[in-house]
Amino acid sequence: MNPTIELMNARSSTRAYDPAPLSDAEKQAILHATMRAPTAGNLMLYSIIEIEDQALKDRLAVTCDHQPFIARAPWVLIFVADYQKWIDLFAVSGVDRLPGVTHRRAPGPGDLLLACSDALIAAQNAVIAAESLGIGSCYIGDVLEQAEEHAELLGLPNHTLPVAMLCFGRPAKPRRRTPHYEKHVVHKDGYRRLSAEELREASDELAQLHAPRGFRPGIQNIGQDVYERKYAAGFTHELNRSVAVWLERWQTPEG
Ligand SMILES: Cc1cc2nc3c(=O)[nH]c(=O)nc-3n(C[C@H](O)[C@H](O)[C@H](O)COP(=O)(O)O)c2cc1C
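This section reports on the structure supplied with the text. (Residues numbered from 1 in each chain as written. Predicted model: local features only at pLDDT ≥ 70, side-chain atom pairs only at ≥ 80, totals over all residues.)

Observations regarding the overall build of the protein chain
In step 1: A count of helical and extended segments in the protein chain gives 10 helices and 4 strands.
In step 2: Listing the helices and strands of the protein chain from first to last along the sequence gives α-α-β-α-α-β-α-α-β-α-β-α-α-α.
In step 3: By principal-axis analysis of the C-alpha atoms, the protein chain measures approximately 65 × 45 × 40 Å.
In step 4: Expressed as a percentage of the 255 residues in the protein chain, the buried residues total 25%.
In step 5: Taking as baseline every contact in the protein chain between residues at least 6 positions apart, the subset at least 24 positions apart corresponds to 81%. (Helix = DSSP H or I, 4+ residues; strand = E, 2+ residues; numbered from the N terminus. Buried ≥ 20, exposed ≤ 12 C-beta atoms within 10 Å, placed from the backbone. Contact = placed C-beta atoms within 7 Å.)

A short note on the sheet that holds strand E1 (residues 46-50)
Picture the strands of a sheet paired through backbone hydrogen bonds; they go either parallel or antiparallel.
In step 1: In spatial order, the strands read E1-E2-E4-E3; together these 4 strands make up an open sheet with antiparallel pairing. Taken across any chain shown, the strands that pair with only one partner, and hence form the sheet edges, are E1 and strand E3 (136-140). This sheet shows a mean twist of 25 degrees between the axes of neighbouring strands, independent of strand direction.
In step 2: Taken together, the 5 bridges between E1 and strand E2 (residues 75-82) define a ladder with antiparallel strand orientation. Bridging from a neighbouring strand, Tyr46 pairs with Ala81 of E2. (Pairing = 2+ DSSP bridges. Axes fitted to C-alpha atoms, helices over the stretch in contact; angles between N-to-C directions.)

As for the site of the ligand
In step 1: All residues in the neighbourhood of the ligand are listed as Ser12, Ser13, Arg15, Gln67, Cys138, Tyr139, Ile140, Gly141, Asp142, Ala164 and Thr178.
In step 2: A per-element tally of the shell around the ligand places E3 first, with 3 residues.
In step 3: Here the residues of the shell around the ligand sort into 4 nonpolar, 5 polar and 2 charged. (Near = placed C-beta within 6 Å. Nonpolar A, V, L, I, M, F, W, Y, C, P; charged D, E, K, R; others polar.)

Section: helix H10 (residues 234-250)
A turn of α-helix holds 3.6 residues, and therefore any two residues three or four places apart point the same way.
In step 1: Between the first and last C-alpha of H10 there are 24 Å, a value that for 17 residues agrees with the 24 Å anticipated at 1.5 Å per step.
In step 2: Along H10, the residues classified as buried are Ser242, Trp246 and Trp250. Down the axis of H10, the sector holding all buried residues measures 85 degrees, keeping them to one side. Facing away from the buried side of H10, by more than 90 degrees, are the exposed residues Gly234, His237, Asn240, Arg241, Ala244 and Glu248.
In step 3: In this structure, the buried side of H10 is in contact with helix H6 (109-132), helix H7 (147-154) and strand E4 (160-169). (Expected span 1.5 Å × (residues − 1). Arc of directions from axis to C-beta.)

With respect to the pairing of E4
In step 1: Of all 10 residues making up E4, 10 are buried, and the element is well covered by its neighbours.
In step 2: In this sheet, E4 lies alongside E3 in antiparallel orientation, the contact comprising 5 bridges. Its bridge partner being in E4, Cys138 is matched across the sheet by Cys167.

Points about the nonpolar core
In step 1: Residues Phe79, Ala81, Ala119, Ala126, Met165, Leu166 and Cys167 are the most contacted members of the largest nonpolar core, which totals 43 residues.
In step 2: Among the elements of the structure, helix H3 (54-63), E2, H6, E3, E4 and H10 are those that each provide at least two residues to this core.
In step 3: Ranked by residues supplied to this core, first place goes to H6 with 9 residues.
In step 4: Other than its neighbours up to four places away in sequence, Phe79 contacts Tyr46, Ile48, Ala119, Leu120, Ala122, Ala123, Val163, Ala164 and Leu166. (Core = buried A, V, L, I, M, F, W, Y, C linked by C-beta atoms within 7 Å.)

Notes on the packing of helix H2 (residues 24-35) against H6
In step 1: For the pair H2 and H6, the least separation of the axes is 8 Å and the interaxial angle reads 140 degrees. Comparing the axis directions of H2 and H6 gives the class oblique. Handedness of the H2/H6 crossing: right-handed. Contacts from Ala29, Ile30, Ala33, Thr34 and Met35 of H2 reach H6 at Ala122, Asn125, Ala126, Ala129 and Ala130.
In step 2: Across the contact of H2 with H6, the residue classes tally to 8 nonpolar, 2 polar and no charged. (Parallel < 35°, antiparallel > 145°, perpendicular 65-115°, else oblique. Left-handed = near helix turned anticlockwise from the far one by under 90°.)

Topic: unusual backbone geometry
In step 1: Of note, His66 is a non-glycine position whose phi angle comes to about 55 degrees, a positive value.
In step 2: The residue His66 is located in the loop between H3 and helix H4 (69-72) in this model.
In step 3: For Asp189, which is not a glycine, the phi torsion comes out positive at approximately 60 degrees.
In step 4: Take Asp189: there are 5 C-beta atoms within 10 Å of it, and that puts it in the exposed class.

And the structure:
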């Protein structure tokens, strides 16, 4: 292997941080590597919000499904899918004078997906760049929840959406590499649904990986475990409610 692949192989999410701040040089190096990520049409359809205000960090630790370690992260970045900056540029660029342009449309779901792709690909560059400096990180998907409060807290206009938050800091203790289940992920020449036999086998293997000491009372297998703990959990209901609000805002032209 080479050092880059070894680094990626050794990475795991970091949730306990050494309180020492990152240096400005480290932050700049990570941000530069972040912005070198591939981006659709080279449009940079994202913005990054650095959370420096401790009171804001404290609030996000509550609104992002009560995860106190967020408040203790030395550096926090929010990756925002952002078409607003282009919509604003279109407005001052006289696009209405172009032949055939009768009105400026609001961005649609395709624009959103591209912007989210851009933001997340950039975020992952940040993860790897940080890791190369000995700085761990953890994604916070829950920043997609509480759309109304997060839009207000971060001053987000309609054509933006906070698709991920990243917490950074040096690991406070040695990390254990998280096992990942790599079977049935890669398909050849088209998608193939798993057979009942393969699903049963995967269920057993996943249980060994994720719950080697067994499940909590009343839970018999990994399907029941994930269904109850993730898919049907309260935070997932909030996530789906909130994302419907973000989608509505995204497609609504501003007054
Ligand atoms: C989109 C996304 C959202 C995530 N949200 C959270 C989160 O809110 N809280 C958390 O502790 N970890 C979060 N994680 C980290 C995952 O739990 C972690 O990546 C997964 O368990 C695999 O572990 P590893 O990163 O150590 O390999 C998130 C990861 C991703 C990619």
